[in-house]
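Next come the chains, spelled out residue by residue.
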Amino acid sequence: MKELFSLKGKIAIVTGGNGGIGKGIAHGFAAVGGNIVIAARNKAKTHETAREIKSQYGVQVLGVQVDVRHEDQIQAMVAQATDRFGQIDILVNNAGINIRNMPQDYRLDEWDEILDTNLRSAFLCSKAVYPAMKEAGGGKIISIGSMTSIFGGAKLAPYGTSKGGIVQLTRSLAVAWAPDNIQVNAILPGWINTDLTRQARKELPGLNERVLARTPVGRWGEPKDLAGAAIFLASSTSNFVTGVALPVDGGFSVMI
Ligand SMILES: NC(=O)c1ccc[n+]([C@@H]2O[C@H](COP(=O)([O-])OP(=O)(O)OC[C@H]3O[C@@H](n4cnc5c(N)ncnc54)[C@H](OP(=O)(O)O)[C@@H]3O)[C@@H](O)[C@H]2O)c1
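Conventions and cut-offs
- Residues numbered from 1 in each chain as written.
- Predicted model: local features only at pLDDT ≥ 70, side-chain atom pairs only at ≥ 80, totals over all residues.
- Helix = DSSP H or I, 4+ residues; strand = E, 2+ residues; numbered from the N terminus.
- Expected span 1.5 Å × (residues − 1).
- Contact = placed C-beta atoms within 7 Å.
- Near = placed C-beta within 6 Å.
- Nonpolar A, V, L, I, M, F, W, Y, C, P; charged D, E, K, R; others polar.
- Buried ≥ 20, exposed ≤ 12 C-beta atoms within 10 Å, placed from the backbone.
- Core = buried A, V, L, I, M, F, W, Y, C linked by C-beta atoms within 7 Å.
- Pairing = 2+ DSSP bridges.
- Axes fitted to C-alpha atoms, helices over the stretch in contact; angles between N-to-C directions.
- Parallel < 35°, antiparallel > 145°, perpendicular 65-115°, else oblique.
- Left-handed = near helix turned anticlockwise from the far one by under 90°.

Here the focus is helix α2 (residues 43-57). With 15 residues, α2 extends 21 Å between its outermost C-alpha atoms, agreeing within 8% with the 21 Å of an ideal straight helix rising 1.5 Å per residue. For α2, the elements touching its buried residues are α1 (20-31), β2 (35-40) and β3 (61-65). Looking one or two residues past α2, glycine 58 carries a phi angle of roughly 70°, positive in sign.

Lining the immediate environment of the ligand, one finds 30 residues, of which Gly16, Gly20, Arg41, Asn42 and Gly96 sit closest. Listing elements by their share of the shell around the ligand, those giving two or more residues are α1, α4 (108-136) and α6 (195-203). When grouped by side-chain class, the residues that make up the shell around the ligand number 11 nonpolar, 14 polar and 5 charged.

Further remarks concern the environment of lysine 8. Secondary-structure assignment places lysine 8 in the segment before β1 (11-15). The spacing of lysine 8 and asparagine 35 is 27 residues in sequence and 7.7 Å in space, taken between C-alpha atoms.

Let's shift gears to α1. For α1, which comprises 12 residues, the first-to-last C-alpha distance of 17 Å matches the rise-based estimate of 16 Å (1.5 Å per residue) to within 8%. Most of α1 sits out of view: 11 of its 12 residues are buried. For α1, the complete set of buried residues consists of Gly20, Ile21, Gly22, Lys23, Gly24, Ile25, Ala26, His27, Gly28, Phe29 and Ala30. A positive backbone phi angle near 95° is found at glycine 33, which sits one or two residues after α1.

Counting residues in hydrophobic clusters, the biggest one holds 63 residues, and the most contacted among them are Ala12, Val14, Ile36, Val37 and Ala230. Per-element accounting of this core gives the leading share, 8 residues, to α4. Aside from chain neighbours lying at most four places away, what touches alanine 230 is Ile25, Gly28, Val92, Ile142 and Ile187.

Below, the discussion takes up unusual backbone geometry. The phi torsion at asparagine 181 lies on the positive side, around 65°, for a residue other than glycine. Summarising the element assignment, asparagine 181 is placed in the loop between α5 (157-177) and β6 (182-189).

For β6, the tally of buried residues reaches 8 of 8 residues, placing the bulk of the element in the interior. The side-chain alternation of β6 yields two buried faces, one formed by Ile182, Val184, Ala186 and Leu188 and the other by Gln183, Asn185, Ile187 and Pro189. Summarising the sheet, strand β5 (residues 139-144) and β6 pair through 6 bridges and their orientation is parallel. Counted as the bridge partner of glycine 139 is isoleucine 182 from β6.

This next bit is on the packing of α4 against α5. Between two packed helices, what matters for the description is the angle formed by their axes and the separation of those axes. Packing of α4 against α5 brings their axes to within 9 Å, and their N-to-C directions diverge by 15°. In terms of their interaxial angle, α4 and α5 are classed as roughly parallel. The chirality of how α4 crosses α5 is right-handed. Listed contacts from α5 to Glu110, Trp111, Ile114, Leu115, Asn118, Leu119, Ala122, Phe123, Ser126 and Tyr130 of α4 are Pro158, Tyr159, Thr161, Ser162, Lys163, Gly165, Ile166, Leu169, Leu173 and Trp177. Looking at the contact of α4 with α5, its residues break down into 13 nonpolar, 5 polar and 2 charged.

This paragraph deals with the sheet that holds strand β7 (residues 245-248). Spatial ordering of the open sheet is given by β3-β2-β1-β4-β5-β6-β7, a layout of 7 strands whose pairing is parallel. Two strands lie at the open edges of the sheet, namely β3 and β7, each paired on one side alone. Here the strands of the sheet are splayed against their neighbours by 20° on average, with no regard to which way each runs. Strand direction decides the pairing type here: strand β4 (residues 90-93) and β5, joined by 4 bridges, are parallel. Of the residues in β5, the one forming a bridge with asparagine 93 is serine 143. Each of β5, β6 and β7 is contacted by α5, which is oriented at about 165° to β6, the strand it contacts most.

The structure is reproduced here in structure tokens:
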């Protein structure tokens, strides 16, 4: 049974793996033997995370600087990963940002920045790893959605659009690449304690209390709470699971 969840010998790219949810997932993968490519913009944070994971679990870790808004940088990221490891077994499309505003007040460049970072990147990264996964006879792609994949919010038009899009992208890729033995799934986190939500807590007075009241388990999630679902979707135990959007939300999405 232990082997079912093992990632021993596997290579996983985690975009935005140097902080928050991505880092929680990278730690989880490394804990079950996976080798990790941490891909993000901030070199110092990436270097520190790579050092931490290497020393804690003894797996191989490669840090790559990438801005996922740019296709050429994504292609360079995949080339660096394949040069170093010769294979890519798992991709986690996790990099994401938010800018809060009323729909009528967004500038077009803000809309584009959110959509390019959260959604277009997931398409481009998935497309970039596809040839390696197909050649290897299979792979796993996991994209990070949100409760805004399901629910709307007044100041969330572009963010919610990007996260709704993640679910539909997941379904289409799952269908397209099922014959290649590539499983494509999404994880929809509830409210998780990260830099992103620490910023939201500053911008939205009372948010902390609302999250605690609205989440049945009565607490914020921590990045490590995402690791179990990600390991399940990255490992062979989920080989017959594809196209799903799995909430990891402390019950947020089932409470009226
Ligand atoms: N926290 C929550 O409650 C929550 C809930 C639902 C969904 N999510 C989603 O979960 C994902 C991670 O969020 P988080 O809460 O962990 O936020 P976070 O702590 O702010 O981390 C975001 C990560 O994305 C990277 N990133 C941002 N823009 C990038 C770009 N252009 N290119 C490459 N990397 C980029 C950042 O690294 P660099 O700055 O170094 O590039 C960082 O590692 C996002 O997709 C977010 O929408 C979060």
